Amino acid sequence: MNSDKLTKTVLFSSSLLVLIISAGIVFSLTAGSIPAFKEFGLKFIVTNRWDPTEGHEVYGALPFIAGTLITSLVALAICIPFAFSTSLFVAEYFRNTRVSGLLSSLIDLLAGIPSIVYGLWGFYTLRPIIINLGLSDQGFGIFTSAIILGLMIIPYATSMSTEIIAMVPEELKEAAYSLGATRLEVIFKVIIPNARSGIIASYILALGRALGETMAVTMLIGNSNRVPSGLFAPGNTMASIIANQFGEASGLKLSALIATGLLLFAITGIVNSIGKYIIRKLL
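Remember, predicted model here, so these are calculated numbers, not experimental data. (Residues numbered from 1 in each chain as written. Predicted model: local features only at pLDDT ≥ 70, side-chain atom pairs only at ≥ 80, totals over all residues. Heavy atoms only, no water.)

Q: Describe the packing of helix 4 (residues 98–111) against helix 6 (residues 142–166), with residues and values.
A: Between helix 4 and helix 6, the shortest axis-to-axis distance is 8 Å and the interhelical angle comes to 135°. By the angle class used here, helix 4 and helix 6 are oblique. Between helix 4 and helix 6 lies a crossing whose hand is left-handed. Mapping the contact onto sequence places Ile 107, Asp 108, Leu 110 and Ala 111 in helix 4 and Pro 155, Tyr 156, Thr 158 and Ser 159 in helix 6. A class-by-class count of the residues in the contact of helix 4 with helix 6 yields 5 nonpolar, 2 polar and 1 charged. (Axes fitted to C-alpha atoms, helices over the stretch in contact; angles between N-to-C directions. Helix = DSSP H or I, 4+ residues; strand = E, 2+ residues; numbered from the N terminus. Parallel < 35°, antiparallel > 145°, perpendicular 65-115°, else oblique. Left-handed = near helix turned anticlockwise from the far one by under 90°. Contact = heavy atoms within 4.5 Å. Nonpolar A, V, L, I, M, F, W, Y, C, P; charged D, E, K, R; others polar.)

Encoded structure:
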């Protein structure tokens, strides 16, 4: 009985701590954003101009919202086919073999590589390729950063998808095989229907990882404070603009950057909520 009370106390304390931290983050971001929203109102969200000129300061988050969403969605589009095929390869085709063990170890290793390393690889290896292909004059831009983001989130999506696919009961698969189903039919008619909510959750987790990525994107996106004119044009994300300008910001500009952080927090929350809604509908 005492152990039950202790467990409940620990769980309650942990939950309360999470709530306090979340409330503190929201409060501090909201308080810091007030001057910017007082000055520009909700137009801050849809204004596509970022001009820190003293006496003519105008700040708008639209270029960075667009940059964040475009890079993250392109990265997710790159991630999904690789993550899905790899998770099937590891969890179904070569399950419990040395090959799957080696691949799982490599996936975990890729997930643990710091983002700055991905950024350096993109800067010195991927960027020259983009230039040589004639896609961009300097190799910077939305597409370059999206490729790196895609590579960064593949391990997260793959690892979780692999675990979910491996949890599909063997009895269901054996029953399908006994009825004459091929492996491809088992995958699309047994495994995916039973694991789809978890697979989608893995992609949503990967998208959330992409939305908040900072260093690798900052090194490769081109850091232009305009709405991107195309996939190969330079841009900025909400995270990269904060990383670039927060250290020297003050006054209204500082408030605008904090407001941008608040919007990023809100967008991430919305994406997670949409993901949970989709998962509930699919269950």
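Q: If you had to explain the environment of Ala 176 to someone new, which residues and values would you point to?
A: When you line up the elements, Ala 176 lands in helix 7 (residues 170–178). By relative accessible area, Ala 176 is classed as buried at 11%. A C-alpha to C-alpha distance of 6.4 Å links Ala 176 and Val 186, two positions 10 residues apart in sequence. Contacts of Ala 176, omitting those with residues within four sequence positions, involve Ala 181, Val 186 and Val 190. (Buried < 20%, exposed > 50% of the residue type's maximum accessible area, 1.4 Å probe, protein only.)

Q: Pulling in residues and values, what's your account of helix 8 (residues 183–211)?
A: Helical geometry: 3.6 residues make up each α-helical turn, so side chains three or four residues apart lie on a common side. For helix 8, with 29 residues, the first-to-last C-alpha span of 36 Å runs short of the 42 Å given by 1.5 Å per residue. Arg 196 marks the point of greatest bend in helix 8, at about 65°. (Expected span 1.5 Å × (residues − 1). Bend = angle between axes of the 7 residues up to and from the residue.)

Q: Lay out a nonpolar patch on the surface with the relevant residues and their values.
A: Taken together, the side chains of Ile 70, Ile 129, Leu 133, Leu 135, Leu 231 and Phe 232 define a hydrophobic patch exposed on the protein surface, amounting to about 490 Å² of accessible area. With respect to the helices and strands, the residue Ile 70 is situated in helix 3 (residues 62–93). (Patch = residues over 30% accessible without salt bridge, like charges linked within 9 Å, V, L, I, M, F, W, Y side chains within 5 Å. Areas by Shrake-Rupley, 256 points an atom, 1.4 Å probe, with all protein chains shown as cover. Salt bridge = Lys/Arg side-chain N within 4 Å of Asp/Glu carboxyl O.)

Q: Outline the environment of Gly 60, supporting the account with residue identities and numerical values.
A: Turning to its location among the elements, Gly 60 is positioned in the loop between strand 2 (58–59) and helix 3. Using a relative accessible area of 0% as the deciding quantity, one classes Gly 60 as buried. In this structure, the C-alpha to C-alpha distance between Gly 60 and Glu 170, residues 110 residues apart in sequence, is 54 Å. With sequence-adjacent residues up to four places away left out, Gly 60 is seen in contact with Phe 44, Thr 47, Arg 49 and Trp 50.

Q: Can you explain the nonpolar core? Please cite residues and give values.
A: Judged by nonpolar contacts, the single largest core of 48 residues is most densely connected at Phe 44, Trp 50, Tyr 59, Ile 165 and Met 238. Among the elements of the structure, helix 1 (2–40), helix 3, helix 6, helix 8, helix 10 (238–245) and helix 11 (251–282) are those that each provide at least two residues to this core. The greatest single-element share of this core, amounting to 12 residues, is contributed by helix 8. When residues no more than four places from it in sequence are discounted, the contact partners of Ile 165 are Ser 87, Leu 88, Ala 91, Ile 191, Ala 195 and Ile 199. Among the nonpolar cores identified, the runner-up in size contains 9 residues, and Leu 126, Ile 147, Met 152 and Leu 220 belong to it. (Core = buried A, V, L, I, M, F, W, Y, C linked by side-chain atoms within 4.5 Å.)

Q: Account for the side chain of Thr 260, with residues named and values stated.
A: Relative to the elements of secondary structure, Thr 260 occurs in helix 11. Overall, the relative accessible area of 0% leaves Thr 260 in the buried class. Residues contacting Thr 260, with those up to four places away along its chain left out, are Phe 44, Trp 50, Ala 61, Met 238, Ile 241 and Ile 242.

Q: Outline the confidence of the model for the protein chain, listing residues and values.
A: Predicted confidence across the protein chain gives a mean pLDDT of 88, with 98% of residues reaching 70 or more. Ranking the elements of the protein chain by mean pLDDT puts helix 1 last with 85 and helix 5 (residues 115–132) first with 93. (pLDDT = per-residue confidence, 0-100.)

Q: Describe the packing of aromatic side chains, and please don't skip the residues or the numbers.
A: Two aromatic rings are characterised by how far apart their centres lie and by the angle between their planes. Throughout the structure, instances matching the rule amount to 8 aromatic pairs. Ring geometry for Phe 123 versus Tyr 124: centroids 5.0 Å apart, planes at 75°, classification edge-to-face. Judged by relative accessible area, which is 23%, Phe 123 ranks as partly exposed. The exposure class assigned to Tyr 124 is exposed, which follows from its relative accessible area of 60%. Here the aromatic residues Phe 40, Trp 50, Tyr 59 and Phe 64 are joined through ring pairs into a cluster of three or more. Sitting over the face of the ring of Phe 123, Arg 127 holds its NZ or CZ atom 4.3 Å from the ring centroid. (Phe/Tyr/Trp six-rings, centres within 6.5 Å; stacked < 30°, edge-to-face > 60°. Lys NZ or Arg CZ within 6 Å of the ring centre and 35° of its normal.)

Q: Can you break down the side chain of Lys 173 residue by residue, with the values?
A: Residue position: Lys 173 is located in helix 7. On the basis of relative accessibility, which here comes to 3%, the residue Lys 173 falls in the buried class. At 3.1 Å, the side chain of Lys 173 and the side chain of Glu 170 are in polar contact. When residues no more than four places from it in sequence are discounted, the contact partners of Lys 173 are Glu 92, Arg 95, Val 168, Val 186, Val 190 and Ile 191. (Polar contact = N/O pair within 3.5 Å; in protein donor to acceptor, adjacent residues only side chain to side chain.)

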